[in-house]
Amino acid sequence: VGLARENIDAQLTANIETFGFKGYSYENAVIEGKLRYNLFDGSLVVRDDNVDFEFIGEINLTEGIPFYNFDAYVRKLDLKKLNLSQQDLVLSGDLNLELQNQSISDLEGEIDLQNFTIIKNQEEEYRLNSVLVTSQLDYFGNKTFKIDSEVLECHFYGIFDLDKIPNTLSYFFNKNYPGFSRKFGIKPPEKEVQPSTFDYRIRINDTKGLETLITDKLGPISNADVEGYYDGFKDSILIDISLPYLKYDQIVLE
């Protein structure tokens, strides 16, 4: 029913032989489900040599606030061959996602990742049994952001934009410690940073070899704690670090 985007209401079944994205030609895609204005409720399956992916759920943009509720089963995702990464990485795992709102800073809900595997250079394998990410906003605009996994646990609480925390900290150090910032290559942000305030706790249980995805020079990290606060309104920061062991290249700290 309806041919324009504003009034379409369809039950859709589609077999797509091939479609292109970022220079890669995907094959054998099947779409089934309900399609209405700014709403898709159904499934998408893509299977070829470099991607084996199944999406089941709902993407709803009809109420003005985007709502996402779906399961994704990734049996194989070769990022390099799909032109999504320069590194040779193959991903697999199961994802349950329930989120709402538009920007990263305002997202509410949770992401549950199970049986996640990364294969690097076709031989190095890294596994994560479970990762749970939650984000909530209270009535006063305070945000709680948490990550729970066997590798990492972190908790942020306050008034902040998650994606702007690196710029917030680089602004603070360049303003108050310019010599330190120059020595360690901390560049000031290109745009003005709005004041924020938050408490944080980060616990690194065991990096399980994942540190090599950042750089091969970094050694394993375990039983490390970082906690404190940042207050941009009072221009104040606290960083309390407990790190039993750190190896970077030829440098070892105990």
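Our structure's up above, just so we're on the same page.
Since this is a predicted model, take the numbers as computed values, not measurements. (Residues numbered from 1 in each chain as written. Predicted model: local features only at pLDDT ≥ 70, side-chain atom pairs only at ≥ 80, totals over all residues. Heavy atoms only, no water.)

**Q** Give me the lowdown on the overall build of the protein, citing residues and values where you can.
**A** The number of helices and strands found in the protein is 2 helices and 15 strands. C-alpha extents for the protein along the principal axes are approximately 65 × 50 × 30 Å. The 254 residues of the protein split such that 32% are buried. In the protein, of all internal contacts separated by at least 6 residues, the share reaching a separation of at least 24 is 38%. Carbon and sulfur atoms make up 52% of the accessible area of the protein, which totals about 16,300 Å². (Helix = DSSP H or I, 4+ residues; strand = E, 2+ residues; numbered from the N terminus. Buried < 20%, exposed > 50% of the residue type's maximum accessible area, 1.4 Å probe, protein only. Contact = heavy atoms within 4.5 Å. Areas by Shrake-Rupley, 256 points an atom, 1.4 Å probe, with all protein chains shown as cover.)

**Q** For the environment of Asp-148, give the residues involved together with the corresponding values.
**A** Position of Asp-148 among the secondary structure elements: in strand β9 (residues 143–149). Overall, the relative accessible area of 33% leaves Asp-148 in the partly exposed class. Put simply, Asp-148 and Arg-203 are 55 residues apart on the chain and 9.7 Å apart in space, counted from C-alpha to C-alpha. If sequence neighbours within four positions are ignored, Asp-148 has contacts with Ser-130, Val-131, Leu-132 and Glu-153.

**Q** For the pairing of strand β3 (residues 39–47), give the residues involved together with the corresponding values.
**A** Looking at chain direction, strand β2 (residues 24–36) and β3 are connected through 8 bridges and run antiparallel. In the strand pairing of β3, Ile-31 is matched with Leu-44. Between β2 and β3, which pair antiparallel one after the other, the connecting turn spans 2 residues, and Asn-38 there sits at a positive phi close to 60°. Here β3 pairs with strand β4 (residues 51–60) via 9 bridges, running antiparallel. Bridged to Leu-39 within β4 is Asn-60. (Pairing = 2+ DSSP bridges.)

**Q** Please set out the nonpolar core residue by residue, giving values where relevant.
**A** Residues Leu-77, Ile-118, Phe-156 and Phe-198 are the most contacted members of the largest nonpolar core, which totals 30 residues. The next biggest cluster of nonpolar side chains, apart from the first, holds 9 residues, and it includes Ile-31, Phe-40, Ala-72 and Leu-97. (Core = buried A, V, L, I, M, F, W, Y, C linked by side-chain atoms within 4.5 Å.)

**Q** Now, about the pattern of salt bridges: what can you tell me, with residues and values included?
**A** Counted under the stated rule, the structure contains 8 salt bridges. Between Asp-52 and Arg-47 there is a salt bridge whose closest N-O contact spans 3.0 Å. Given a relative accessible area of 39%, Arg-47 falls into the partly exposed group. Between Arg-203 and Asp-225 there is a salt bridge, with the nearest N and O atoms lying 2.7 Å from each other. Here Arg-203 is found in strand β11 (residues 197–206), whereas its partner Asp-225 is found in strand β12 (residues 222–231), with 22 residues between them in sequence. (Salt bridge = Lys/Arg side-chain N within 4 Å of Asp/Glu carboxyl O.)

**Q** Any details on the side chain of Asp-231? Residues and values, ideally.
**A** Within the secondary structure, Asp-231 sits in strand β12. Within the buried set, Asp-231 has no salt-bridge partner at all; the shortest N-O distance to an opposite charge, 4.6 Å, is to Lys-234. The contact partners of Asp-231, leaving out residues within four places of it in the chain, are Ser-196, Thr-197 and Ser-236. (Lys, Arg positive; Asp, Glu negative; His and termini not counted.)

**Q** Tell me what's going on with unusual backbone geometry, and back it up with residues and numbers.
**A** Here Asn-121, not a glycine, exhibits a phi torsion of approximately 55°, which is positive. Topologically, Asn-121 is positioned in the loop between β7 (108–120) and β8 (124–137). According to the relative accessible area criterion, Asn-121 is partly exposed, its value standing at 38%.

**Q** Describe a nonpolar patch on the surface, naming the residues involved and giving the relevant values.
**A** Nonpolar side chains collect at one region of the surface, where Phe-19, Phe-21 and Leu-84 lie side by side and expose about 270 Å² of accessible area between them. If you trace the backbone, Leu-84 turns up in the loop between β5 (67–78) and β6 (89–100). The class for Leu-84 is partly exposed, based on a relative accessible area of 40%. (Patch = residues over 30% accessible without salt bridge, like charges linked within 9 Å, V, L, I, M, F, W, Y side chains within 5 Å.)

**Q** Give a detailed account of the environment of Ser-196, specifying residues and quantitative values.
**A** Position of Ser-196 relative to the elements: it lies in the loop between α2 (178–183) and β11. On the basis of relative accessible area, Ser-196 is assigned to the buried category, the value being 6%. Each C-alpha atom of the pair Ser-196 and Leu-97 lies 28 Å from the other, and the pair is 99 residues apart in sequence. Leaving out residues up to four positions away in the same chain, Ser-196 has contacts with Ile-159, Phe-160, Thr-168, Tyr-230, Asp-231, Gly-232 and Phe-233.

By themselves, these are just geometric observations and shouldn't be taken as functional.
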